Amino acid sequence: MSVTKLEPDAQGHFGPYGGRYVPETLMAPLEDVERAWRQSREDPSFQAELRDLLENFAGRPTALYEAKRLTKALGGARIFLKREDLLHTGAHKINNCLGQVLLAQRMGKRRIIAETGAGQHGVATATVCALFGMECVVYMGEEDMARQRLNVFRMRLLGARVVGVGYGSKTLKDAISEAMRDWVTNIATTHYLLGSALGAHPYPVMVRDFHRCIGEEARAQMLERIGRLPDTVFACVGGGSNAIGAFHAFIPDAQVELVGIEAGGRGIRPGEHAARFQGGAPGVLQGARSYLLQDGDGQVLLTHSVSAGLDYAMVGPEHAWLHDQGRASYAYCEDGAALRAALQLCRTEGIIPALESSHGLAEAIRRAPGEPGKVFLVNLSGRGDKDIDIYRAHFPELDGAARSATEGGAA
Amino acid sequence: MSRIGELFARKRAEKKPVLIGYVTAGDPSPERMPSLIAALERGGVDLIELGVPFSDPVADGPVIMKASERARAAGMTLARVLELARAVRAKSEIPLLLFSYMNPLIRYGFDQLAGEAKAAGIDGCLMTDLSVEEAAEFVAPLRAAGLDTVFLAAPTSPPERLRKVADHSSGFVYLVSRTGVTGEQARLSASVGPLVEALRERTALPLAVGFGISTPEQARETARLADGVVVGSAFVRIVEAQGAGPGLEPALEAFARALKTGMEG
């Protein structure tokens, strides 16, 4: 069996996926970003500054935590959690933001734009812009603004301008389109701080590299803790940045199974989910070629997920490549299972997870009872503070007037 | 020579600029398009860009973005754009350039599209989000079917990219007048002149300039520099204002005539 290729070709292709599908006006800026990024990889002062920020500002390395009570409750595989939720700003997103803001600084850009779905990337971007004194504009779908109000306020508190996008699905996809329109108009002054392993080259590979520390740390921590690698690594996949960060170090370990979990939403029917490997087909959207949820005329389908961060019609191109080669497999988890997994983690481990991360967790919970003796690693990519309003809506028995009855029943 | 090549050659011999009009196919409705295009032709438009509506038009400003939404709501599809081309071609020799984002074309299949587009009377293709680096596999079937491929040159394109853009283009090269999305603007960008000069040094192909040209004065100014002038959002705005009302064709024809008169004046 051939070894899975770890790097894209010079044009950013992972097999037939990735590449650069953008209007000509954006080609030169993309080449500029690529040049700066390649230089930064060879630049010890850049690497030292990034490492210092990751350790002392963001809080790396993050803990590897064995979820013993959850494991016991499920009675099967041993479950370990990579605690990206403990990072500053509450999710893995800060890794990439710190890397890209340093690049922007070296490119002489003073204005940062970003898109955000759940708001975690927006908050992380607003945070690094505050840290470096840069102007920050975040595009966010109006539907996402409504369901992630806390993060909208956090961004504003940090000095960012949040611009609502009120057309299309009013979610992440439309926020990315609007950020691309801003970038093409303001290229001279502006860096587009794209938040997932998506878009035109070099973003997918660059964003992955800023997150590969997740898997590298986890791999070393597993070896140190139990003297072996996990059997399976689970991570949720929206664009796929936390998953590719968690997977990357394990790709050469052929015995380690890699499982990405997409959003099954309300079920696998057109417009009701965001599971690109369930009925998606290769296509081109927002700069890259990859699996895309689309209709027979090549129009991009609307998507749904209870978690804004997974609610996107295309998967990152490296995931498409890992999928086609069989190196990673992709499952999906519906809204209800993700909500139940979140509640179970709250009650067994005292950890409130993000809804996105709960999708990956749910698949581990589903499989654990049938796989005793196995070791599972779940990338807990973010914490659930931002999702409190959604949890409240879905667990009304814990809220308001009904609460005392539940407490009475549980006592 | 292709219909597009012949048009530019004829106009060059006459020492007159080419007026190119963009419309989003299916706006205000698929049925109305043939008469809308006939009106543009009567007004003096020499070449029609037929925009294929797409759900995620990242290179377009609000005017064309909304037109794309209207066209999709009216039921426009790529297959119906080809039907439209057949209907236009039955009555007119005006060159037709398919103007599209990549995904609808990929979904349709380039091999099938190339043959069917040619048979329908389409003369060429411009793919907004296709970089020259990704172009080879898509350009080959189009050229094999006898279609022109038009690529964009931008003010941000360094010299070596301009050469690649010209090498991949046939019929003409489309110069983007400024950084930004499609849409009208008050003044013509200062980057047009230098971009035209830089391309003239690298290609003998005709050059057309678009993005932001919306008045007869801007058209005249642009025509002094380039072989062709593209007007898009200004036409689409008329469609937006008139809708399916009886004033649509007269308004488009009158505006096209004003542009043409301005350009040739």
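Residues numbered from 1 in each chain as written. Chains lettered and ligands numbered in written order. Predicted model: local features only at pLDDT ≥ 70, side-chain atom pairs only at ≥ 80, totals over all residues. Heavy atoms only, no water.

**A closer look at the pattern of salt bridges**
Residues and elements named next belong to chain A.
Then, number 1: In this structure the tally under the stated criterion is 55 salt bridges over all chains.
Then, number 2: In this structure, Asp 43 and Arg 106 form a salt bridge, with 3.9 Å as the shortest nitrogen-oxygen distance. You can see Asp 43 sitting in the loop between α1 (27–41) and α2 (44–58) and its partner Arg 106 sitting in helix α4 (residues 93–106), a full 63 residues away along the chain.
Then, number 3: Its relative accessible area of 23% is what places Asp 43 among the partly exposed residues.
Then, number 4: Here Arg 106 falls in the partly exposed class, since its relative accessible area comes to 37%.
Then, number 5: Between Arg 392 and Asp 399 there is a salt bridge whose closest N-O contact spans 3.2 Å.
Then, number 6: A relative accessible area of 44% means that Arg 392 is categorised as partly exposed.
Then, number 7: Take Asp 399: its relative accessible area is 29%, and that puts it in the partly exposed class.
Then, number 8: Connected via shared salt-bridge partners are Glu 7, Arg 41, Arg 208, Asp 209, Arg 212, Glu 216 and Glu 318. (Salt bridge = Lys/Arg side-chain N within 4 Å of Asp/Glu carboxyl O. Helix = DSSP H or I, 4+ residues; strand = E, 2+ residues; numbered from the N terminus. Buried < 20%, exposed > 50% of the residue type's maximum accessible area, 1.4 Å probe, protein only.)

**Description of the sheet that holds strand β10 (residues 257–265) of chain A**
Residue and element names in this part refer to chain A.
Then, number 1: Reading across from one edge, β3-β4-β14-β9-β10-β13 is the order of the six strands in this open sheet, with mixed pairing throughout. The open sheet has two edge strands with one neighbour each: β3 (64–66) and β13 (328–334). Each neighbouring strand pair of the sheet contributes to a mean axis angle of 25°, computed without reference to strand direction.
Then, number 2: In this sheet, β13 lies alongside β10 in parallel orientation, the contact comprising seven bridges. Among the inter-strand pairings, Ala 263 is bridged to a residue of β13, identified as Cys 333.
Then, number 3: Where helix α14 (residues 355–367) meets the sheet, it contacts β4 (78–83), β9 (232–236), β10, β13 and β14 (375–380), and its direction lies at approximately 145° from that of β9. (Pairing = 2+ DSSP bridges. Axes fitted to C-alpha atoms, helices over the stretch in contact; angles between N-to-C directions. Contact = heavy atoms within 4.5 Å.)

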